Amino acid sequence: MNWLEVKGKREFLCNIPYDSDLLLSLKELAKALEIKSGIFTFIGALKTACLFYYVQNEKKFEKNVFDGPFEIVSGMGNIATFEGDIVVHAHLVIADRKGNCYGGHLTEGSKVFACEVYLRELSPAVTRKYDSLTGLNLLVL
């Protein structure tokens, strides 16, 4: 087990614009605020949700698209850099009108109805590196 002690720096509350792409908006937010390392949570609602499921034995993602509307039951993630680029890694649980829940790794294509984000910058900045055992770009600690 590895760890890295981090400290909180700046904190923000943000609204993601109606009809925007949730993942791209989170990336834009991190870039606009010059945050290279951070954690965030978000709540709200989506018109459409696009989620990845990681097939471990195949080391690949499968995309699932859900036509809404949906409530965001839980949204959370982190920000790091990979090969110099800001990477937003987010997981999302959504619920339909009957309370059926679906979850996965947020990917491009999720359209926002309303979304509020709490974002906390961390120090020191962290990076990601490819891990051949899992096939994922994991945090370097």
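Our structure is the block above this text.
Residues numbered from 1 in each chain as written. Predicted model: local features only at pLDDT ≥ 70, side-chain atom pairs only at ≥ 80, totals over all residues. Heavy atoms only, no water.

1. Digging into the side chain of Thr81
You can see Thr81 is positioned in strand β3 (residues 60–82). By relative accessible area, which is 13% here, Thr81 ends up buried. With near-sequence residues (within four places) excluded, Thr81 lies in contact with Lys36, Ile86, Val87, Val126, Thr127 and Arg128. (Helix = DSSP H or I, 4+ residues; strand = E, 2+ residues; numbered from the N terminus. Buried < 20%, exposed > 50% of the residue type's maximum accessible area, 1.4 Å probe, protein only. Contact = heavy atoms within 4.5 Å.)

2. Observations regarding the pattern of salt bridges
A full pass over the atoms with the stated rule returns four salt bridges. Taking the shortest distance from any N to any O, the salt bridge between Arg10 and Glu121 comes out at 2.7 Å. Of this pair, Arg10 sits in strand β1 (residues 7–16) while Glu121 sits in strand β6 (residues 111–123); the two residues are 111 residues apart in sequence, bridging distant segments of the chain. The partly exposed category is assigned to Arg10, whose relative accessible area is 37%. Residues Lys47 and Asp19 are paired through a salt bridge, measuring 2.7 Å at the closest nitrogen-oxygen approach. Of the two residues, Lys47 is situated in strand β2 (residues 38–55) and Asp19 in the loop between β1 and α1 (22–32); the sequence distance between them amounts to 28 residues. Take Lys47: its relative accessible area is 27%, and that puts it in the partly exposed class. (Salt bridge = Lys/Arg side-chain N within 4 Å of Asp/Glu carboxyl O.)

3. Describing the nonpolar core
By size, the foremost hydrophobic cluster in this structure holds 28 residues, and its most contacted members are Leu22, Leu26, Phe40, Phe42 and Val117. Counting residues per element, the ones that place at least two in this core are β1, α1, β2, β3, β4 (85–95) and β6. For Leu22, the contacting residues outside a window of four places in its chain are Ile16, Phe42, Leu46, Leu106, Ser110, Val112 and Cys115. (Core = buried A, V, L, I, M, F, W, Y, C linked by side-chain atoms within 4.5 Å.)

4. Re a nonpolar patch on the surface
On the surface, Leu4, Val6, Leu139 and Leu141 cluster together into a nonpolar patch covering about 290 Å² of accessible area. For Leu139, the position within the fold is in strand β8 (residues 136–139). For Leu139, a relative accessible area of 34% corresponds to the partly exposed category. (Patch = residues over 30% accessible without salt bridge, like charges linked within 9 Å, V, L, I, M, F, W, Y side chains within 5 Å. Areas by Shrake-Rupley, 256 points an atom, 1.4 Å probe, with all protein chains shown as cover.)

5. Some points on the pairing of β4
Sheet analysis places β3 next to β4, joined by eleven bridges and oriented antiparallel. Within β4, the position partnered with Gly77 by the bridge is Ala90. In this antiparallel pair of consecutive strands, β3 and β4, the connection spans two residues, and Glu83 shows a positive phi of 50°. With five bridges joining them, β4 and strand β5 (residues 101–106) adopt antiparallel strand pairing. Directly across from His91, in β5, lies its bridge partner His105. The hairpin formed by β4 and β5 contains five residues between the paired strands, and Gly99 there has a positive phi angle of roughly 90°. (Pairing = 2+ DSSP bridges.)

6. Side note on the packing of aromatic side chains
Tallied over the entire structure, the rule returns seven aromatic pairs. Ring plane angle 70° and centroid distance 5.8 Å describe the contact between Tyr18 and Phe113, whose orientation is recorded as edge-to-face. Of the two residues, Tyr18 sits in the loop between β1 and α1 while Phe113 sits in strand β6, which places them 95 residues apart along the sequence. Residue Tyr18 is classed as exposed on the basis of its relative accessible area of 53%. Between Phe66 and Phe70, the ring centres sit 6.3 Å apart and the planes meet at 85°, which makes this aromatic pair edge-to-face. Among the aromatic residues, those joined into a cluster by ring pairs are Phe52, Tyr54 and Phe61. (Phe/Tyr/Trp six-rings, centres within 6.5 Å; stacked < 30°, edge-to-face > 60°.)

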